[in-house]
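# Descriptive structure summary
Okay, here's what each chain looks like letter by letter:
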Amino acid sequence: MTNLLISKSLINDVLIPQELIEMVIDIFDQRTSDIIESGDDPNISPVEFSAKLSIYNGYCGYLLFFIDCSHADCWDPFLAERIDKCIETGMGIVTQLKLRLRSGIGSLLTGYSGISYCCLRYWQKNRNDQYLNHALSIISESASDQTVCASEHMVGLSGLLSLVCYCYKETEIDCLTEIAESIADRIVNAKIPYSNGYVWDFSRNHIRPLCGYAHGVSGIAHALSMASNVCHRDDYKEVADTAIAYEDSQFSLEKKNWPNWLFVFENYKEVMERISAYLNREYHVVERPSYMYAWCHGGVGIVQQRSEMYKVWPGTAWKENYSIAIDAIISYVKDQSWDINNSGICHGLGGIIDMLVSLNHNSLYSIDQETSSYLTNQVQRIISDIDRPSLESGLFNGTVGLLWAILRATNPNNIHSILVL
């Protein structure tokens, strides 16, 4: 099989075997059949169908991978033709699924709005306005859904708001600013004063509100700061800044990271017993926070959010703690044993690579040659071990996410981070 050479200063020379791309194509073909069958099933629940369709680990994640492959423009003609065929098939399916939209699941990563992002990315490639119009239609319908009440990025309004702001930056369609304002106002109205700043009611009875991008302050602050830029609303930026003040107050100089308060309860033993009894199986909650080096929780997602905010708002203070966190992440990378089980973009090496791409692209961090060589060796070794089950785990949790992160490292101008729009 032909090996595809990916070259970039961040990751030196990485060989992606063509057979891996062909394996992803075969998985995509199977997912296509499953989506068609599920779309015709009147008994499937909206939540289950949304999971099958989502960017996170569903059909749109694979579709987005192929769309970004086409933006990379580094394939031999035969493979490029097969990738284009996957995209045409996938876009034909997702643009026929509008009638499957259900209330409450319009989020970007885990809901139907992922279709909008795929349509927008494909439109950026071929400028066929039917895909842009479809993206706008789903955005409008998702934004008008008042049953979405969570503010967080993963399953709530912040992911949708980030998508709307991204769409405006790429198209400058005026109606998108009105949609952005309507979503941002809902998020701002749900804020709660807490300690050093504002938070949102996503803590689910944990000891403290969550830090981090997926479920915590960073994802919400990022969406509001983008909305402030797009809508020319200083009040959105003020709320984002005060939210970040809370999150920064949680930074641990000892751990050189932000705590993960997920599953940390004051009465943790009682909660664990109650949930275990309800689920009829052992369920673990913890007494003290963990410190994860991941996009979803911890320094990786937080630092990447700060770098993107710094790019849009150059006057934003780049605090010493952020640089301390970066150095700690690099040390963590070198101390870990990386394999196909911890290489995804949600909480694995792929997400760390994407963070480094953003920092490098925004001229906030220059990776040294030793670290670059180490990353290159680790990535190449993981690639040699990739198997079909690890690719079947989806874009965010599977090894296809690592392949996507490598592609983004080759061309950060044309392949945009799905982790921080």
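Let me begin by describing the structure that accompanies this report. (Residues numbered from 1 in each chain as written. Predicted model: local features only at pLDDT ≥ 70, side-chain atom pairs only at ≥ 80, totals over all residues. Heavy atoms only, no water.)

### Focus: the overall build of the protein
When helices and strands are counted, the protein shows 17 helices and four strands. For the protein, buried positions account for 58% of its 421 residues. By sequence separation, contacts in the protein at least 24 residues apart represent 70% of the contacts at least 6 residues apart. (Helix = DSSP H or I, 4+ residues; strand = E, 2+ residues; numbered from the N terminus. Buried < 20%, exposed > 50% of the residue type's maximum accessible area, 1.4 Å probe, protein only. Contact = heavy atoms within 4.5 Å.)

### A closer look at the pattern of salt bridges
Under the definition given, this model contains 15 salt bridges. Of the charged contacts in the structure, one is a salt bridge between Arg233 and Asp185, with a shortest N-O distance of 3.4 Å. Placement of the pair is Arg233 in the loop between helix H9 (217–231) and helix H10 (234–249) and Asp185 in helix H8 (residues 175–189), with a sequence separation of 48 residues. When the shortest N-O distance is used, the salt bridge between Arg306 and Glu247 registers 2.9 Å. Here Arg306, found in helix H12 (residues 299–312), pairs with Glu247, found in helix H10; they are 59 residues apart in sequence, far enough to count as distant. Its relative accessible area of 0% is what places Glu247 among the buried residues. Residues joined in a network through salt bridges with shared partners are Glu181, Asp185, Arg233 and Asp235. (Salt bridge = Lys/Arg side-chain N within 4 Å of Asp/Glu carboxyl O.)

### Examining the packing of helix H13 (residues 320–335) against helix H15 (residues 369–385)
Helix packing for two helices is described by the angle between their axes and how far apart those axes are. Packing of H13 against H15 brings their axes to within 11 Å, and their N-to-C directions diverge by 40 degrees. In terms of orientation, H13 lies oblique with respect to H15. Note that H13 runs across H15; the crossing there is left-handed. Contact residues: H13 offers Ile330, Val333 and Lys334, while H15 offers Glu370, Thr371, Tyr374 and Leu375. Partitioning the contact of H13 with H15 into residue classes produces four nonpolar, one polar and two charged. (Axes fitted to C-alpha atoms, helices over the stretch in contact; angles between N-to-C directions. Parallel < 35°, antiparallel > 145°, perpendicular 65-115°, else oblique. Left-handed = near helix turned anticlockwise from the far one by under 90°. Nonpolar A, V, L, I, M, F, W, Y, C, P; charged D, E, K, R; others polar.)

### Quick notes on helix H2 (residues 46–53)
Taken together, the buried positions of H2 are occupied by Phe49, Ser50 and Leu53. Buried residues of H2, viewed axially, fall in a sector of 105 degrees; they line one side. (Arc of directions from axis to C-beta.)

### Some remarks on the nonpolar core
In terms of nonpolar packing, the biggest core is built from 142 residues, with Trp295 and Phe396 touching the most fellow members. A per-element tally of this core places helix H3 (residues 59–72) first, with 10 residues. (Core = buried A, V, L, I, M, F, W, Y, C linked by side-chain atoms within 4.5 Å.)

### What to know about the packing of aromatic side chains
One pass over the structure, following the stated rule, counts 16 aromatic pairs. Taking 5.3 Å as the distance between ring centres and 80 degrees as the angle between the ring planes, the aromatic pair formed by Phe28 and Phe66 counts as edge-to-face. A residue pair is termed long-range when its members are at least 10 positions apart, and Phe28 in helix H1 (residues 18–39) and Phe66 in helix H3 qualify at 38 residues. Phe28 gets classed as buried once you look at its relative accessible area, which sits at 0%. We classify Phe66 as buried; its relative accessible area is 0%. With centroids separated by 5.9 Å and ring planes inclined at 85 degrees, the aromatic side chains of Tyr332 and Trp338 adopt a geometry described as edge-to-face. Looking at Trp338, the relative accessible area reads 2%, which means it is buried. (Phe/Tyr/Trp six-rings, centres within 6.5 Å; stacked < 30°, edge-to-face > 60°.)

### Let's talk about unusual backbone geometry
The phi dihedral of Glu172 is positive, around 55 degrees, even though this residue is not glycine. Looking at the secondary structure, you find Glu172 in the loop between helix H7 (157–171) and H8. Of the residues examined, Glu172 reaches a relative accessible area of 58% and is grouped as exposed. At His232, a position not held by glycine, the phi torsion is positive, near 55 degrees.

### A word on the packing of H7 against H9
One way to put it is that H7 packs onto H9 with a least axis distance of 9 Å and a crossing angle of 30 degrees. The handedness of the crossing between H7 and H9 comes out as left-handed. Contact residues: Ser158, Leu161, Ser162, Cys165, Tyr168 and Lys169 in H7; Gly219, Ile220, His222, Ala223, Leu224, Met226, Ala227 and Val230 in H9.

### Observations regarding the side chain of Ser116
Mapped onto the elements of the fold, Ser116 is located in helix H5 (residues 113–126). Owing to a relative accessible area of 1%, Ser116 belongs among the buried residues under this scheme. Residues in contact with Ser116, not counting those within four places in the same chain, are Ala135, Ile138, Ile139 and Leu163.

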